[in-house]
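Structural overview for review
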Amino acid sequence: MKDINRRDFLKTAAIGVSMSVFGTKFLKASDESPSGYRIGILVDTDVCVGCRHCEWACKVAHNIPTASLESYSDNSLFKEYRRLDAASLTVVNEFENEKNPSLPVYVKKQCMHCEKPACVSACIVGALSKLEDGSVVWDTKKCIGCRYCMVACQFQIPTFDYDKPIDPQIRKCDLCYDRRKTEKLPACVSICPTEALLFGERDEILRVAKNRIKRKPDVYINHIYGEQEIGGTTWMYIASKSFDNLKMPPLGNSPAPGTSESIQHGIFAYFVPPVTLYAILGTIMWLTKRRSNENKENRIEFEQEKKGVDT
Amino acid sequence: MISRQIKHKFFTPWIFVLTILALNGLVFLAIRFIYGLGAVTNLDNYTPWGLWIGVDVAAGVALAAGGFTSAALVHIMHREYYKAIVRPALFTAMLGYTFVALAVVVDIGRFYYVWHPIVMWNGNSALFEVGICIIVYMIVLYIEFIPIVTERFINKINFHGLLTFLNKPVNGLLKYLDKKLSLTMFIFIIAGVVLSTLHQSSLGTLMVIAGQKMHPLWQTPILPLLFLLSAIAVGFPMIICESLIASRSFNLKPEIKTLSKLGFMIAPIIGIYLAFKIGDMFIRETFRYVLLFDSAAWMFIAEMVLMFVPFILFLSKKIVNSMSGIFIASVFVISGVLLNRINNFIVAYNPFFNPVKYFPSFGEISITLGFVALLVIVYRAFVMIFPIIPQENNNSNQNIAESGNTKSKKWI
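This one's a predicted model, so the numbers in the text were calculated from it and none came from an experiment. (Residues numbered from 1 in each chain as written. Chains lettered and ligands numbered in written order. Predicted model: local features only at pLDDT ≥ 70, side-chain atom pairs only at ≥ 80, totals over all residues. Heavy atoms only, no water.)

1. Quick look at the overall build of chain A
Going by this rule: Elements are defined by DSSP. Helices are runs of H or I of four residues or more, strands are runs of E of two residues or more, and each kind is numbered from the N terminus. Remark: exposure states derive from per-residue accessible area (1.4 Å probe, protein chains only) relative to the maximum for the residue type, with buried under 20%, exposed over 50%, and partly exposed in between. Where accessible areas are quoted, they stem from the Shrake-Rupley method and a 1.4 Å probe; at the residue level, only the protein chains shown are allowed to cover.
Check the secondary structure of chain A and you find ten helices and ten strands. Out of the 311 residues in chain A, the part that is buried amounts to 51%. For chain A, the accessible area works out to roughly 14,600 Å², and carbon and sulfur atoms hold 55% of it.

In structure tokens, the structure reads:
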């Protein structure tokens, strides 16, 4: 199968974006995946050159104060492994390339936008929701700042403004929800100079990823990170070395909220178990009362005990 | 035996110490609300939950379990013999849950939105269920406490000055509440037990979603069952411990007979809990993590020992019948459950990327200790105002006559 070029992608992407925004419906984590348009983004770590333009574009798109784009060419930052924080919704890290030491591997990190997001399942007030196009977004009007989404997320993505007493936010990639309203691509995708980020329909993106691995089996390992991981993710990665060595958590294929939701739904299935428990306790209460009225043993014992204490 | 307000002097050296602890907590509380969570806590983006959720909320809810276990014993199973323990247990639960709610307000980033779960629902969320159940249960506990207020104040209302005109209507209201509640109290009592069962277990479900971030020694799908069983197990030991401390503090004769009888019920419950806990360990083959003898393994061993020792102690008749024996055994169970909650929420939480292992900051510990201190102070004040603690019937003919005259059944 032919690799699809960038322009085609942008076209389908634009259509997809408009579809996704106009037909936005909020889904619950446990719902079946709908058959409609789902965004997929491929990170080809072999193509990424570590320019960190995506970091800059992301900050600009989300109104986060940032230095000029030129300052991002400073490579000394790569010395230490960086993670997301309230002011960085995406970061790029450098990893050693054993096959070709002069060309290190760069891995961009951001919210993976899981197919079955644990954060959406966990959120106490439903402030996090999964849109029909697959993106996971956060609603500042609902969030109470309990940080349970951070406990739930297997990728450790959501961050919190620990230093703000009023209106601290849970921050994570929202796939540029505001930009997509005007049919624009996410800022990181549109600025990427090397086409290391590929935006499109998820199935299509998966096909491209599989193709690239097939064409260059000597370069890529045969694993698309995010295809199956905890039920699949919107962002997917291909790389020349094991993802364990790129600090991507080794996760199984079962969705993160699975066990928790089945326990929850078991305890609360149509309120039958709590109501049954109420009825059982009520019956015990009534029966034991009758018994204690019929033979006053308890009472007599009680009186005797009282006398015993009194004397 | 009848519950009466305690007549004792309020201030002791201990109260002085507790006041200092409470004030110290208040200072850090102010910093938290002025400069944000980051200024006081050691929490970060990798460890979002710490001491306040693990101890103030999770352990707090567990240690307030005496309220529903005693209600189930006395009201649902009609073991009237134990009636004396109901009021102190109910009051402890009411106070405990109030402080749990306060701790939640302190811990959540947007405290002014704490009411959101009441109107914004997410049925998939274990935290939502815990939150709603705790809110409703708190209301139930306040309703269950009303009879104690009416008993204290009916025909004894005495506002002075401008408020004199209120005396009659308030008294009428109290009488009305007393009458209505004596007819409907059973609804609230059963509801309280059901709600407790639900949220005590759902507190365990909370950490299930953390998946691999939880140490396998603790991460198990039966966490909700383990949480429920351990909460039931710690209910009576809390009542015993409290009763003995209150007796010592107020120079009352301890009700050792009632407490010992209560004590005999504890060993089987701990036994069931331990059976599930150890069975789970063997089914999931997690004993190999114990054999690593790293810090997590030692915490697990400590938790197990703290529950196993009182299991043996509570089996011995001699120990359960002796005051110091039953006190020490109870303290073991309480520490065991406390450590279990700390382990589940703090020690076991070890995500893939975690550069700094969390340890609570001085500020976090100060606020937790401050809350505990304040709780004890409020407890002491309340048992002096309201008829909560059961005492022997010397020179209190008036009270007996009163309760004898009440035609309706007295629940609480």
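We are not done yet, so read on.
2. Examining the sheet that holds strand β10 (residues 235–238) of chain A
All names here are of chain A. Filter applied, for reference: At least two DSSP bridges between two strands are needed for those strands to be called paired. Angular values range over 0 to 180 degrees, each being the angle between N-to-C directions of two axes fitted as lines to C-alpha atoms, with helices fitted over their stretch in contact. What makes two residues a contact is simply this: any of their non-hydrogen atoms within 4.5 Å.
Here three strands make up an open sheet; going across it, the order is β9-β2-β10 and the pairing mixed. Whereas interior strands pair on both sides, the edge strands pair on one side only; in this sheet they are β9 (197–201) and β10. Each adjacent strand pair in this sheet contributes to an overall mean axis angle of 25°, direction not counted. Alignment of strand β2 (residues 39–44) against β9, held across five bridges, turns out to be antiparallel. In the strand pairing of β9, G40 is matched with G200. Taken strand by strand, helix α7 (residues 202–215) contacts β2, β9 and β10, and its axis lies near 135° from that of β9.

3. Focus: the pattern of salt bridges
Pairing is possible between side chains of opposite charge, provided their charged atoms come close. Here is the rule: Salt bridges are defined as contacts in which a side-chain nitrogen from Lys or Arg sits within 4 Å of a carboxyl oxygen from Asp or Glu.
Taken as a whole and assessed by the stated rule, the structure comprises 14 salt bridges over all chains. Residue R147(A) is joined to D107(B) by a salt bridge in which the shortest nitrogen-to-oxygen separation is 3.0 Å. With R147(A) in the loop between β6 (136–138) and α4 (148–152) and D107(B) in helix α5 (residues 83–107), this pair bridges two chains. Taking the relative accessible area as the measure of exposure, R147(A) reaches 1% and is therefore buried. Its relative accessible area of 1% is what places D107(B) among the buried residues. For E227(A), the salt bridge is made with K210(A), and the minimal N-O distance between the two is 3.2 Å. Here the residue E227(A) occupies a position in the loop between α7 and β10, and K210(A) occupies one in helix α7, the gap between them amounting to 17 residues. Of the residues examined, E227(A) reaches a relative accessible area of 21% and is grouped as partly exposed. Relative accessible area serves as the criterion here: at 44%, K210(A) is assigned to the partly exposed category. Here the salt bridges share partners, and the residues they tie into one network are R52(A), E55(A) and R82(A).

4. Comments concerning unusual backbone geometry
Although it is not a glycine, D167(A) adopts a positive phi angle of roughly 60°. Taking the relative accessible area as the measure of exposure, D167(A) reaches 31% and is therefore partly exposed. Positive phi values are uncommon outside glycine, yet F293(B) reaches one of about 50°.

5. Section: the interface of chain A and chain B
How we decide: Once two parts are joined, some of their accessible surface, as seen by a 1.4 Å probe, is lost; buried area is that loss totalled over both. What qualifies as a polar contact is a pair of N or O atoms within 3.5 Å, subject to a donor-acceptor requirement within protein and to the restriction that residues adjacent in sequence count only when both atoms come from side chains. Asp, Glu, Lys and Arg are counted as charged, while Ala, Val, Leu, Ile, Met, Phe, Trp, Tyr, Cys and Pro are counted as nonpolar; the rest, among them Gly, fall into the polar class.
Each side of the interface is counted separately: chain A has 75 residues, and chain B has 72 residues. In total, chain A and chain B occlude about 6,200 Å² of area from one another, counting both sides; carbon and sulfur atoms represent 60% of this. Contact with chain B buries surface across chain A, with Q156(A), Y162(A) and M285(A) losing the most and accounting together for 12% of the total. Inspection of the region where chain A meets chain B yields two salt bridges. For D167(A), the salt bridge identified is with R110(B), shortest N-O distance 3.5 Å. Counting across the interface, chain A meets chain B through 32 residue pairs in polar contact (both at pLDDT 80 or more). Those elements that place two or more of their residues in the side of chain A that touches chain B are α3 (118–122), α4, β7 (159–160), α8 (258–268), α9 (272–294) and α10 (297–310) of chain A. Top element by residues in the side of chain A that touches chain B is α9(A). It accounts for ten residues. A class-by-class count of the residues in the side of chain A that touches chain B yields 41 nonpolar, 18 polar and 16 charged.

6. What about the pairing of strand β3 (residues 91–95) of chain A?
Residues and elements named next belong to chain A. Within β3, four of the five residues are buried, leaving the element largely enclosed by the surrounding structure. Here β3 pairs with strand β4 (residues 105–109) via five bridges, running antiparallel. Bridge pairing in β4 links V92 to K108.

7. A look at the confidence of the model for chain B
The following threshold applies: In predicted models, pLDDT denotes the confidence assigned by the predictor to each residue on a 0 to 100 scale.
Taken over all residues, the pLDDT of chain B has a mean of 91, while the share at 70 or more is 95%. Across residues 395–408 of chain B the pLDDT falls below 50, and counting only partners more than four positions away or on other chains, this stretch makes seven contacts in the model.

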